[in-house]
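# Results of the structural survey
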Amino acid sequence: MLPGELDSETAALLRMVVLPQIEAASSWGDLVMRLGDKGFGLGFRAGRMILNRLDNGAEICTGRSLGAPLRGLAARLGRPALRLSRDGRSAQLQG
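On to the environment of S90, then. Among the secondary structure elements, S90 is positioned in strand β5 (residues 90-93). Sequence separation between S90 and A46 is 44 residues; the distance between their C-alpha atoms is 6.5 Å. S90 has contacts with F44, R45, R83, L84 and S85, leaving out every residue within four places of it along the chain. Side chain to side chain, S90 and D87 meet in a polar contact 2.9 Å long.

In structure tokens:
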């Protein structure tokens, strides 16, 4: 199951912190570094990009919920190189 929709206040705060990092990223590696500096990480499941917390791994929302869908990022940064998990539905960025 994918993370649910965020309430409007949480979504606005996350967008203020996360979207500038997403927009400034020049590569997938750069994006991971920028998000990591803010305490966030990326995962992928069922064809969606998922923002998660680095401290406990909790999934927060999809990229689409932030206004940064995977399709748009892939068009700008290139297709992400993913390492598929054993479950066959989730993945992590390689390298």
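What follows picks up the thread again.
Here we come to the sheet that holds strand β1 (residues 40-45). Taken in spatial order, the 5 strands make up an open sheet running β3-β2-β1-β5-β4, and their pairing is antiparallel. On the outer flanks of this sheet lie β3 (59-62) and β4 (82-84), each paired with one strand and no other. For this sheet, the mean inter-axis angle between neighbouring strands, taken without regard to orientation, is 35°. Alignment of β1 against strand β2 (residues 48-53), held across 6 bridges, turns out to be antiparallel. By the bridge assignment for β2, R45 is matched with R48.

Bringing the pairing of β2 into the picture now. The hairpin turn running from β1 into β2, its antiparallel successor, is 2 residues long, and A46 in that turn takes a positive phi close to 50°. For β2 and β3, the ladder comprises 3 bridges, and the chain directions are antiparallel. Along β3, the bridge assignment pairs I50 with T62.

Tracing the chain through its elements places R48 in strand β2. The class for R48 is partly exposed, based on a relative accessible area of 37%.

Here we come to the pattern of salt bridges. Counted by the stated rule, this structure contains 3 salt bridges. Across the pair R34 and D30 runs a salt bridge whose closest N-O atoms are separated by 3.0 Å. Of this pair, R34 and D30 both sit in helix α2 (residues 28-37), separated by 4 residues, roughly a single helical turn. The class of R34 is partly exposed, set by a relative accessible area of 26%.

Further remarks concern the confidence of the model for the protein. Of the residues in the protein, 97% have a pLDDT of 70 or more, and the chain-wide mean is 92. Per-element mean pLDDT across the protein ranges from 91 in helix α3 (residues 63-66) up to 97 in α2.

With that out of the way, let us pick up the packing of aromatic side chains. This model, assessed by the stated rule, comprises 1 aromatic pair. Each ring, one from W28 and one from F44, has its centre 6.1 Å from the other, and the planes form 70°; the classification is edge-to-face. Here W28 is found in helix α2, whereas its partner F44 is found in strand β1, with 16 residues between them in sequence. Judged by relative accessible area, which is 8%, W28 ranks as buried.

Thresholds applied
- Residues numbered from 1 in each chain as written.
- Predicted model: local features only at pLDDT ≥ 70, side-chain atom pairs only at ≥ 80, totals over all residues.
- Heavy atoms only, no water.
- Helix = DSSP H or I, 4+ residues; strand = E, 2+ residues; numbered from the N terminus.
- Contact = heavy atoms within 4.5 Å.
- Polar contact = N/O pair within 3.5 Å; in protein donor to acceptor, adjacent residues only side chain to side chain.
- Pairing = 2+ DSSP bridges.
- Axes fitted to C-alpha atoms, helices over the stretch in contact; angles between N-to-C directions.
- Buried < 20%, exposed > 50% of the residue type's maximum accessible area, 1.4 Å probe, protein only.
- Salt bridge = Lys/Arg side-chain N within 4 Å of Asp/Glu carboxyl O.
- pLDDT = per-residue confidence, 0-100.
- Phe/Tyr/Trp six-rings, centres within 6.5 Å; stacked < 30°, edge-to-face > 60°.

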